[in-house]
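The lines below spell out each chain.
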Amino acid sequence: MASKYQEYNQLNLPQIEQEIRKEWEQHQIFEKSVSNRDGAIPFVFYEGPPSANGLPGIHHVISRSLKDLVCRYKTMKGHQVKRKSGWDTHGLPVELGVEKALGITKEDIGKKISIAEYNETCRKEVLKYKDVWEELTRKMGYWVDLQHPYITFENDYIESLWWCMQQLYKKGLLYKSVSIQPYSPAAGTGLSSHELNQPGTYKDVKDTTVVAMFKAIASDKSQFLFDAAGAGEEVFFLAWTTTPWTLPSNLGLTVGENIDYQLVKTFNPYTHLPVNVVVAKDLAGKYFKAEGENGDFSAWTPEDKIIPWKVVAGFKGRQLENIRYEQLLPFAQPEEGDPFRVLLGDFVTTEDGTGIVHTAPAFGADDNRVGKKYGIGILTLVDRQGKFTDNVGEFSGRYVKNYKNETEYKDVDVDIAVKLKKENRAFRVEKYEHTYPHCWRTDKPVLYYPLDAWFIRTTAVKDRMVELNKTIQWKPAATGTGRFGQWLENMVDWNLSRSRYWGTPLPIWRTEDGTEEICIGSIAELNDGIRKANEVLGGDVNKAYLHDGILDLHKPYVDEIILVSPSGKPMRREPDLVDVWFDSGAMPYAQWHYPFENKENIDKGQAFPADFIAEGVDQTRGWFYTLHALGVMLFDNVAYKTVVSNGLVLDKDGNKMSKRLGNVVDPFQTIDQYGADATRWYMITNASPWDNMKFNVEGIKEVQRKLFGTLYNTYNFFAMYANLDGFRFEEKYIPLEERPEIDRWIISVLNTLVKQVTGNMDEFEPTQAGRAVQEFVDEHLSNWYVRLCRRRFWKGEYEHDKISAFQTLYECLEKVSQLMAPVSPFFSDWMYRNLNSVSGLRSESSVHLSNFPAVNEVAVDKELEERMQLAQDISSLVLSLRKKTNNKVRQPLQKILIPVTDEHMKAQITLVEHLIKSEVNVKTIEYLTETEGFIKKKIKPNFKSLGTRMGAKMKAVAAAIGGMEQHDIAVLEKDGEFGLNVENERIPIVLSDVDIISEDIPGWTVANKGMLTVALDITISPELLDEGNARELVNRIQKIRKDSGFELTDRINVKVPDVPALKSALMNFNDYICTEILADSLEIVPQLQEGTEVEVNEFKFNVLVNKKR
RNA sequence: AGAUCCGUAGCUCAGCCUGGUUAGAGCACUACACUGAUAAUGUAGGGGUCAGCAGUUCAAAUCUGCUCGGGUCUACCA
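The rules behind each value
- Throughout this document, residue positions are counted from 1 along each chain, in the order its sequence is written.
- Numbering of ligands from 1 and lettering of chains from A proceed in the order in which they are written.
- Note on the predicted model: pLDDT of at least 70 is required for a residue's local features to be given, and 80 or more for side-chain atom pairs to be given and counted; whole-chain, interface and lining totals, by contrast, use all residues.
- For side-chain calculations, the full set of non-hydrogen atoms in the structure is used, while hydrogens and water are omitted.
- Paired strands, in this sense, are two strands between which DSSP finds at least two bridges.
- In this text, helices come from DSSP runs of H or I with a minimum length of four residues, and strands from runs of E with a minimum of two, each type numbered from the N-terminal end.
- Residues are classed as near a molecule or strand on a simple rule: at least one heavy atom within 4 Å of it.
- Distance and chemistry together define a polar contact, namely a pair of N or O atoms within 3.5 Å, with one atom able to donate a hydrogen and the other to accept it when in protein, and with adjacent residues in sequence counting only for side-chain atoms on both sides.
- The residue classification treats Ala, Val, Leu, Ile, Met, Phe, Trp, Tyr, Cys and Pro as nonpolar and Asp, Glu, Lys and Arg as charged. All others, Gly included, are polar.
- By nonpolar core is meant a set of buried Ala, Val, Leu, Ile, Met, Phe, Trp, Tyr and Cys residues that side-chain atoms within 4.5 Å join together.
- We call a residue buried when its accessible area falls under 20% of the maximum for its residue type, exposed when it is over 50%, and partly exposed in between, using a 1.4 Å probe and counting protein chains only.
- In what follows, residue pairs with any heavy atoms lying within 4.5 Å of each other are defined as contacts.
- Arc, as used here, means the arc of the directions from the helix axis to the C-beta atoms.
- What counts as an axis is a line fitted to C-alpha atoms, over the stretch in contact for a helix, and the angles between N-to-C directions run from 0 to 180 degrees.
- Angle categories: roughly parallel below 35 degrees, roughly antiparallel above 145, roughly perpendicular from 65 to 115, and oblique for all the rest.
- In this scheme the handedness of a crossing depends on how the near helix is turned from the far one: anticlockwise by less than a right angle means left-handed, clockwise means right-handed.
- Each residue carries a pLDDT score, the predictor's confidence in it, ranging from 0 to 100.
- For the purpose of counting charges, residues Lys and Arg are taken to be positive, whereas Asp and Glu are taken to be negative. His and the chain ends are not included.
- When a carboxyl oxygen of Asp or Glu is within 4 Å of a side-chain nitrogen of Lys or Arg, the pair counts as a salt bridge.
- Within 6.5 Å between ring centres, the rings of Phe, Tyr and Trp (the latter by its six-membered ring) count as paired, and their orientation is classed by plane angle as stacked under 30 degrees, edge-to-face over 60, tilted in between.
- Here, a charge over a ring means that NZ of Lys or CZ of Arg falls within 6 Å of the ring centre while also lying within 35 degrees of the ring normal.
- The disulfide criterion is simple: two cysteine sulfur atoms within 2.5 Å.

Our next topic: the sheet that holds strand S18 (residues 508-511). Taken together, four strands build an open sheet; the order of strands is S19-S18-S21-S20 and the sheet is antiparallel. A strand with exactly one partner marks an edge of an open sheet, and here the two such strands are strand S19 (517-519) and strand S20 (563-564). Relative to strand S21 (residues 570-573), S20 runs antiparallel, the two being bridged by two bridges. Its bridge partner lying in S21, leucine 563 is registered against methionine 571.

Taken together, 56 residues form the shell around RNA strand B, and within it Trp240, Thr241, Asn686, Arg890 and Arg1041 come nearest. The share of sugar and phosphate among atoms of RNA strand B within 4 Å of the protein is 58%. Within the side chain of threonine 241, one N or O atom sits 2.5 Å away from a sugar or linking oxygen of RNA strand B. Residue lysine 694 places a side-chain N or O atom 3.2 Å away from a phosphate oxygen belonging to RNA strand B. Sort the elements by how many residues they give to the surface near RNA strand B and helix H23 (residues 697-725) lands first, with seven residues. Here the surface near RNA strand B is built from residues that sort into 17 nonpolar, 20 polar and 19 charged.

We now examine the environment of tryptophan 24. In this structure, tryptophan 24 sits in helix H1 (residues 13-27). For the pair tryptophan 24 and histidine 914, spaced 890 residues apart in sequence, the C-alpha separation works out to 46 Å. Here the side chain of tryptophan 24 touches aspartate 829 through a polar contact of 2.8 Å, side chain to side chain.

This part is about the sheet that holds strand S4 (residues 189-190). One open sheet accounts for four strands, arranged S4-S3-S14-S16; its pairing is antiparallel. With partners counted over all chains shown, the strands left at the sheet margins are S4 and strand S16 (494-495), one partner each. With two bridges connecting them, strand S3 (residues 174-184) and S4 associate as antiparallel partners. Note on S4: the bridge partner recorded for tyrosine 183 is glycine 190.

Take the nonpolar core next. Within the largest apolar cluster, 128 residues are counted, with the highest numbers of intra-cluster contacts made by Tyr5, Phe718, Phe776, Tyr785, Phe827 and Ile896. Setting aside residues no more than four positions away along its own chain, phenylalanine 776 makes contact with Ile746, Val749, Leu750, Leu753, Leu781, Cys812 and Val816. Counting residues in hydrophobic clusters, the runner-up holds 67 residues, among them Ile158, Trp163, Trp474 and Val632.

The next point concerns helix H6 (residues 130-139). Listed in full, the buried residues belonging to H6 are Trp133, Glu134, Leu136 and Thr137. Looking straight down H6, one finds its buried side chains confined to an arc of 160 degrees; they lie on one side. Buried residues belonging to H6 abut helix H3 (58-76), strand S1 (84-87), strand S2 (145-151) and helix H21 (667-674).

Here we take up the packing of helix H25 (residues 766-794) against helix H26 (residues 800-820). Direction vectors running N to C along H25 and H26 enclose 160 degrees, while the axes themselves pass 11 Å from each other. As far as their axial angle goes, H26 and H25 are roughly antiparallel. As H25 runs across H26, the sense of the crossing is left-handed. Residues Val773, Phe776, Val777, Leu781, Tyr785, Val786, Arg792, Phe793 and Trp794 of H25 form the contact with H26, whose participating residues are Asp801, Lys802, Ser804, Ala805, Phe806, Thr808, Leu809, Cys812, Leu813, Val816, Leu819 and Met820. Class assignment for the residues of the contact of H25 with H26 results in 16 nonpolar, two polar and three charged.

With an omega dihedral of 0 degrees, the bond running from lysine 555 to proline 556 counts as a cis peptide bond. Tracing the sequence through the fold places proline 556 in the loop between helix H15 (523-537) and helix H16 (557-560). For the bond running from phenylalanine 608 to proline 609, omega is -10 degrees, close enough to zero to count as cis. One can find proline 609 in the loop between helix H19 (599-603) and strand S23 (613-616). Positive phi outside glycine occurs at glutamine 28, with the angle close to 50 degrees. Summarising the element assignment, glutamine 28 is placed in the loop between H1 and helix H2 (29-35). Not every positive phi belongs to a glycine, and asparagine 598 is a case in point at roughly 50 degrees. With respect to the helices, strands and loops of the structure, asparagine 598 is situated in the loop between helix H18 (587-590) and H19. Judged by its relative accessible area of 29%, asparagine 598 falls in the partly exposed class.

Let us now look at the environment of glycine 840. Within the element layout of this structure, glycine 840 appears in the loop between helix H27 (825-839) and helix H28 (862-884). Between the alpha carbons of glycine 840 and glutamate 730 there is a distance of 9.2 Å; along the sequence they are 110 residues apart.

For the rest of this paragraph, the subject is the confidence of the model for chain A. A residue-level look at chain A finds 97% of positions with pLDDT of 70 or above and a mean pLDDT of 87. H2 holds the highest mean pLDDT among the elements of chain A, 97, whereas helix H8 (residues 193-196) holds the lowest, 62. Taken over the whole predicted complex, pTM reads 0.85, whereas the ipTM for its chain interfaces reads 0.88.

Mapping arginine 739 onto the fold places it in the loop between H23 and helix H24 (741-762). For the buried arginine 739, no salt bridge is present, and the opposite-charge side chain at shortest range is glutamate 811, 4.4 Å distant. Of the polar contacts made by the side chain of arginine 739, one reaches the side chain of glutamine 807; its length is 3.2 Å. Arginine 739 has contacts with Tyr733, Ile734, Arg744, Ile747, Ser804, Gln807, Thr808 and Glu811, leaving out every residue within four places of it along the chain.

This part covers the packing of aromatic side chains. What the rule picks out here adds up to 55 aromatic pairs. Aromatic pair phenylalanine 30 and tryptophan 143: ring centres 5.4 Å apart, planes at 40 degrees, arrangement tilted. Of this pair, phenylalanine 30 sits in helix H2 while tryptophan 143 is found in the loop between H6 and S2, placing the two residues 113 residues apart along the sequence. Tryptophan 143 carries the same exposure label as phenylalanine 30, and that label is buried. Counting every residue linked through ring pairs, the aromatic cluster contains Tyr5, Phe717, Phe718, Tyr721, Phe727, Phe729, Phe793, Tyr798, Phe806 and Tyr810. The ring of tryptophan 143 carries the charged tip of arginine 72 above its face, separated from the ring centre by 3.9 Å.

The next thing to look at is the state of the cysteines. By the definition in use, this model includes zero disulfides. There is no disulfide at cysteine 164, and the cysteine sulfur nearest it, in cysteine 519, is 11 Å away.

Structurally, the position occupied by leucine 168 is in helix H7 (residues 155-170). A relative accessible area of 0% means that leucine 168 is categorised as buried. It is 7.8 Å that separates the C-alpha atoms of leucine 168 and isoleucine 456, two residues lying 288 residues apart in sequence. Setting aside anything within four residues of it in sequence, one finds leucine 168 in contact with Leu173, Leu174, Ile456, Phe582, Leu630, Met633 and Leu634.

Structure (structure tokens):
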């Protein structure tokens, strides 16, 4: 054990951090903090896996700080918090990175490079920056188990994923279907939403748009339309499209159930034939000019600009349901289904178009959904190259967009429009500018195209997911009810399929005709199947896998395996990979290789669900969603009880950080320069984690100075004097009641702080907790307790009062180190260790192994805290009065005068009188109770109490109160009641209806703050002047001592020349001066040439200070 | 396009849930003081149409609606 507290010359956070980190690693403090809690109630935390094929940024520091501080806090509160790190290793970003590095495209895979080689490269590349990540993790003090991470590409991990999928399969939640996905014909590949959201993919394009006319067929359902149109008339539905090339594939028209529609009689503007058209009422204005309404039909000729029209019927969309129409472009019909009907869909709006949506189930997600609902079939007259199939008449073989960069490409949309015009099937053709997604690689427009895909039927458990979501504590709450809640309400089935190479393969094998299939749930099951297939099918089937079974669960190996169906047919694997979000969503189970290992941990709730997770808000519909979905589907449980979604980190001007803008902040540089603790503290206390934060290093500097600098100074102050007096906390703990007022006060405030911090941390509000600690350290501990108590630490003997001061300050520093440990793990441990290495008070060698402080309710004394506040306010007022009247603090003054409203206030101030007096250097305090005429008072209405009673009369009453005379106020104070005269009405008020403030004491210098008033007597008597001069001299000699480099305890001899103005001060305060400056003699000599020149109240002279030998 | 969060001093943020008449703090700036904690501290000062508009109310930064600006997510849809 050290005998002395370590003293330091200056604060160097990065250096402290290095030292502490070394200690942690050498003595395995993290491991101990977990193993120490064996058997304790676990606090379950899940680490969302980052992808290590990109470099970490400063935004990772905030979310990891948040995660770390919660885990550290819970550990200190006695829980065992296991934290496995993880790596997200599959998926498109990895593949794209590899393709870029190898200079290949997707098409080259399997040709220029084998799939095996390609995947091997991915496997290596994906952990490219693992070291960098691990270094950041250690450097920023994020405690997470880096030794045993879960890695999503490992066989164990994938095996758990397969088990999960098999569970879903068994529950009937896994199915195959055609879905509409973004597809790039130019690149010949489907695109993920990720790719679609690359910057610059959405471009403004001008397309030819058509309002097409679909001819209604008369039937019972449509009779009302024909009746309204009149005998022998034709009725058309108008539908708008920006993609006329989808019209040959049209199978339906969708209307809104509650939207109002009209049947309008008019002429076709191109063919001039009389027509009756159906259009949404709200949109009729777009197609018909107001001047033409109810115009003269018989007199109209095609030369007339204004086409007459009139409404002949009005009805709701639901009345149109299932009315049939003639196919617009009858090139081909779907193989199955009952097409060419009017459907109802909730996605229809009246914002643009006609309120009737042309529905081609092959080329739109909404279309597909509503089409499926009505069973109208599907018709796909465009192939995967983006050209019409050969059964589309004159359009056969034409590319729907210019995918081949043909110089004389003719827009097929235009030709379709022309054809429709000629056939009396177009009501309007025009160019329209809108944004449309483009393939980020080929710059060509994307198609929405039906592709085969496997889905998880999340919609089947939607209600349960919604219900369970309500039990999750979201921070902030609005994200859970809002963004996430609404997302759940509008969920669609989860498209699992990805046509890629590097990812978790879908463990489903099928016969060629699709009638038989199997979903594999474990490696053992697959190996069994491998052997069985070989036995049944014979030959070379699975030959390479018979001996050792399968060794790598990735492509291409899984694809080489053929299984056999119960009826003896070969089954091949469905070629798709699984969405990487499935990888991360299943991590609660896969990280433990459940259920093949650690089965009880999850079954018994020791590792599931999580008590707490936290990630960026961008994960709301990513990880948070997939975790929740899988938790509900697999275990009918939430996957996490509390989730904190933190906001983004923006640059100091509020822009998103991006490499392109060059405003990214390097976390290493920041930490090296300012320290991890200052960075963490800044990020946590600057704003609530869920607010976006504007990252500014100036803020870190401020934290460094303000909090850590102050705390460091306080510690150093303590260490210096504790070392002088040999304080090692060996004496008995002095009971609080035996300590002076100010000690009990700071301990009281300290305990209030403990209570507050605990409450905040339990509520996952670290920002509030950090701010509270900061205020305590700065306002209370440093700027009041230490400032007022300085003398107690260096003056006088080492006995009761001094020991009490040391014990008190020690306790404050120690508890503060514990309170701040979760947020600033390094500095807190440094301070804790410095303290504990001398006192040996605690057996835990690190603050992170100690228990979080518990509140000592007995120590909390609200009355005491209140009167100390009074002392602070009064001192502040007196100091401001001194400033105003130019009386420096070193000059003692005789008295201050404080009007008190009641006995309680007087008693409170009396108890802290000595503190005020020494702080502001005043001899006495006098209290004024009641003296009408002596104190001038000010009266203010209490709006809150009066307002409810007075209502509309409030303004007049306030004016009347403002007009009360001093005498009136006195009456009110004496009687407790007063009758106001407001607009000739007597309105009684009582004391609680007003605030009365002593505003002024005529003839005195006065200051007020709130209800408090202080007057200062600024007369300086000769005695006071002497004392002031004496203090000045002490101050000058102390400075000489310090400048001469004397030790604090050195004794000195002093010679001063005979200065008449100071002589009486020297005579009368000789003893005082000697005590203060530790002088054995203070001699007045007639003349003095040697020594140091000083100036006291405008007199200049020399002082000779000699160290005693 | 929809959902959601945000907008208070030059900067970072409190206050808003629960309405009350002089809207606070820190930083920065200016001046003065203090100085056995000194790269600290105190006192004073300047600095705000609380994004805008309308409404509710005796009273709105605070409640309601709309608008504008910024962020994020989802979608891109005829």
